[in-house]
Amino acid sequence: QVQLVESGGGLVQPGGSLRLSCAASGFTFSIYTMSWYRQAPGKEREFVAGISRTGGSPGYADSVKGRFTISRDNAKNTVYLQMNSLKPEDTAVYYCNVPRVGYWGQGTQVTVSS
């Protein structure tokens, strides 16, 4: 059974940091590109970051470039999203995704507010 379980979300003040994790199981994690998406209230889900199966060639949305870093540990079947210099507009539910096969996690809420 495929599972993607996100964790690490929460409430943080503007300028703060969070590290999201996505633990994968039920498929061969190491052969797939992984992505993070987010969905803010009243908005469509949008791409945040992606990383190749080997960990190279990370890509980012312009809105998070220079502030967020995606990484992965294939030995732990986990992909991470380090989020620094958080802004109120980063508030959203963040989802882990396997683009090639359309797997999605349940999401983790990130709220940036003073």
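For the structure itself, consult the block above.
A.B. asks: Before we move on, can you summarise the state of the cysteines with the specific residues and values?
C.D. replies: The final tally for this structure, using the stated rule, is one disulfide. Paired through a disulfide, Cys 22 and Cys 96 show a sulfur-sulfur distance of 2.2 Å. Here the disulfide of Cys 22 and Cys 96 is left-handed, its torsion about the S-S bond being about -85°. Of this pair, Cys 22 sits in strand 3 (residues 18-25) while Cys 96 sits in strand 9 (residues 92-98), and the two are 74 residues apart along the sequence. Judged by its relative accessible area of 0%, Cys 96 is buried.

A.B. asks: Provide a residue-level description of the pairing of strand 9, including the pertinent values.
C.D. replies: The buried count for strand 9 comes to six of seven residues, which makes it a mostly enclosed element. Looking at chain direction, strand 4 (residues 34-39) and strand 9 are connected through five bridges and run antiparallel. Across the sheet, residue Arg 38 finds its bridge partner in strand 9, namely Tyr 94. Across three bridges, strand 9 lies against strand 11 (residues 108-112) in antiparallel orientation. Paired with Val 93 across the strands is Gln 109, a residue of strand 11.

A.B. asks: Talk me through the nonpolar core; I want residue IDs and the actual numbers.
C.D. replies: Trp 36, Val 79, Leu 81, Met 83 and Tyr 94 are the most contacted members of the largest nonpolar core, which totals 29 residues. Put simply, the parts of the chain that give this core at least two residues each are strand 3, strand 4, strand 5 (46-51), strand 7 (68-73), strand 8 (78-83), strand 9 and strand 11. Excluding its chain neighbours within four sequence positions, the residues that come into contact with Met 83 are Gly 16, Ser 17, Leu 18, Leu 20, Arg 67, Phe 68, Tyr 94 and Val 110.

Analysis parameters
Residues numbered from 1 in each chain as written. Predicted model: local features only at pLDDT ≥ 70, side-chain atom pairs only at ≥ 80, totals over all residues. Heavy atoms only, no water. Disulfide = S-S within 2.5 Å. Helix = DSSP H or I, 4+ residues; strand = E, 2+ residues; numbered from the N terminus. Buried < 20%, exposed > 50% of the residue type's maximum accessible area, 1.4 Å probe, protein only. Pairing = 2+ DSSP bridges. Core = buried A, V, L, I, M, F, W, Y, C linked by side-chain atoms within 4.5 Å. Contact = heavy atoms within 4.5 Å.

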